[in-house]
Amino acid sequence: MSDLVKITCLVILVLQTVSNVLIIRNARHHHVSVPFLVVLQEIFKLATCLAVLSYNEGFTPAVSSIKKNVFGDLQTTFKVGIPAFLYVIQNQLLFVSLANLDAATYQVTYQLKILTTAAFSVIILNKTIAKMQWASLLMLTIGVAFVQWKGSSTPDSGSDGSQFVGLSCILLACCTSGFSGVFLEKMIKNTNQSLWIRNFQLAFCSVLVGTVNLIFSDLGTLLHDGFFTNFAPIVVAAVISQAYGGLLIGMVMKYADNIVKVFTTSISIIISSFISIFYFRDLQLTLTFAIGTALVCSATVIYSLSRPSPKKTD
């Protein structure tokens with residue numbers, strides 16, 4: 001892969017990662033229903049999957065394929081409902097955590113999903129983790145602990161939010177991210193369905209789960225005040241960013257290698273830190289935060305670049 005392609009992928013991934021965090025952080029001031037935002041982003045994904053399938057196969061064959069694989073194979077679709085349920089919960093947790101944490105602390109702490117993913121990969125997929133990777137996971141945990149230590153000196157790091165609520169949400173999101181990702185990986189390995197059919201299944205189940213959650217949580221308020229009350233361009237941008245961010249990353253990563261992905265994480269954390277310090281002014285740069293951020297970035301690089309030789313599993 002040429003250096004130009006690598007640099008282009010790196011820039012796109014960094015811009016998406018940083019902008020997604022900053023957009024959602026700005027959108028929090030508009031006080032819209034988080035369950036409704038989650039349902040909207042899944043509807044966008046659903047429409048996108050249908051559009052891509054129609055483009056690749058034609059509209060009628062795409063509809064037939066969806067009927068066969070989604071509605072004709074309800075057992076598999078219901079299995080997809082497990083990670084879909086977790087993704088809905090995870091997206092709500094991320095919205096809430098960003099409303100209560102500064103962008104830099106959010107990004108650093110969210111790297112704990114590497115730890116949860118590794119743990120669930122060992123338990124569910126019987127994967128082997130190299131000794132250097134275990135050491136990097138320990139470094140990652142220590143780094144996140146250092147970052148959170150600075151919270152005692154900056155009690156208002158979430159501006160009008162709660163540090164405890166933000167931290168609790170991001171830790172739960174790391175757990176749901178790790179389990180759902182590994183669970184979905186196991187399903188994909190055991191089936192021959194296309195990626196876009198799988199994405200359609202996931203989005204379809206997420207819409208159902210999200211709608212049920214919306215009915216029991218915010219439906220009364222939305223019927224009274226209106227579904228799109230307090231909607232603003234930044235809120236729409238947050239929905240689109242969340243909906244298409246993952247799809248964009250997946251497409252770009254086809255042309256990027258693991259090193260590009262690693263440096264994307266590190267550069268995004270550094271940029272978010274500067275923005276939090278100088279633009280939002282909701283983060284004080286302390287020695288513990290700097291040490292913790294350095295440890296997390298280093299751990300991410302070490303973990304990703306010291307993978308053991310892949311083993312075939314039954």
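Located above this text is the structure these notes cover.
A few points on the structure. The model shown is predicted, which means the values in this text are computed figures rather than measured ones.

Conventions and cut-offs
- Residues numbered from 1 in each chain as written.
- Predicted model: local features only at pLDDT ≥ 70, side-chain atom pairs only at ≥ 80, totals over all residues.
- Heavy atoms only, no water.
- Phe/Tyr/Trp six-rings, centres within 6.5 Å; stacked < 30°, edge-to-face > 60°.
- Helix = DSSP H or I, 4+ residues; strand = E, 2+ residues; numbered from the N terminus.
- Core = buried A, V, L, I, M, F, W, Y, C linked by side-chain atoms within 4.5 Å.
- Buried < 20%, exposed > 50% of the residue type's maximum accessible area, 1.4 Å probe, protein only.
- Contact = heavy atoms within 4.5 Å.
- Polar contact = N/O pair within 3.5 Å; in protein donor to acceptor, adjacent residues only side chain to side chain.
- Axes fitted to C-alpha atoms, helices over the stretch in contact; angles between N-to-C directions.
- Parallel < 35°, antiparallel > 145°, perpendicular 65-115°, else oblique.
- Left-handed = near helix turned anticlockwise from the far one by under 90°.
- Nonpolar A, V, L, I, M, F, W, Y, C, P; charged D, E, K, R; others polar.

## Details of the packing of aromatic side chains
What the rule picks out here adds up to nine aromatic pairs. Ring geometry for Y106 versus Y110: centroids 5.8 Å apart, planes at 25 degrees, classification stacked. Here the residue Y106 and the residue Y110 both occupy positions in helix 5 (residues 103-110), the gap between them amounting to four residues, near one helical turn. Chaining the aromatic ring pairs together yields one cluster made of F36, F227, F228 and F231.

## Notes on the nonpolar core
In this structure, Y106, Y110 and L140 are the most contacted members of the largest nonpolar core, which totals 49 residues. Top contributing element to this core by residue count: helix 1 (residues 3-27), with six residues. Apart from residues no more than four positions distant in its own chain, L140 is found in contact with Q111, L112, I114, L115, V296 and A299. With eleven residues, the next largest nonpolar core counts I66, W196, A203 and V207 among its residues.

## What to know about helix 5
Most of helix 5 sits out of view: eight of its eight residues are buried. Turning to helix 5, its buried residues are A103, A104, T105, Y106, Q107, V108, T109 and Y110. For helix 5, the side-chain oxygen to backbone nitrogen distance between the N-cap and A104 is 3.2 Å, and the N-cap itself is D102.

## Some words on the packing of helix 2 (residues 34-57) against helix 3 (residues 59-71)
Contact pair helix 2 / helix 3: the axes reach a minimum separation of 7 Å and the direction vectors enclose 125 degrees. When the axes of helix 2 and helix 3 are compared, the pair comes out oblique. Handedness of the crossing formed by helix 2 with helix 3: right-handed. Every residue of helix 3 that contacts helix 2 at L50, L53, S54 and E57 is listed here: F59, P61, A62, S65 and I66. Each residue belonging to the contact of helix 2 with helix 3 can be placed in one class, and the counts come to six nonpolar, two polar and one charged.

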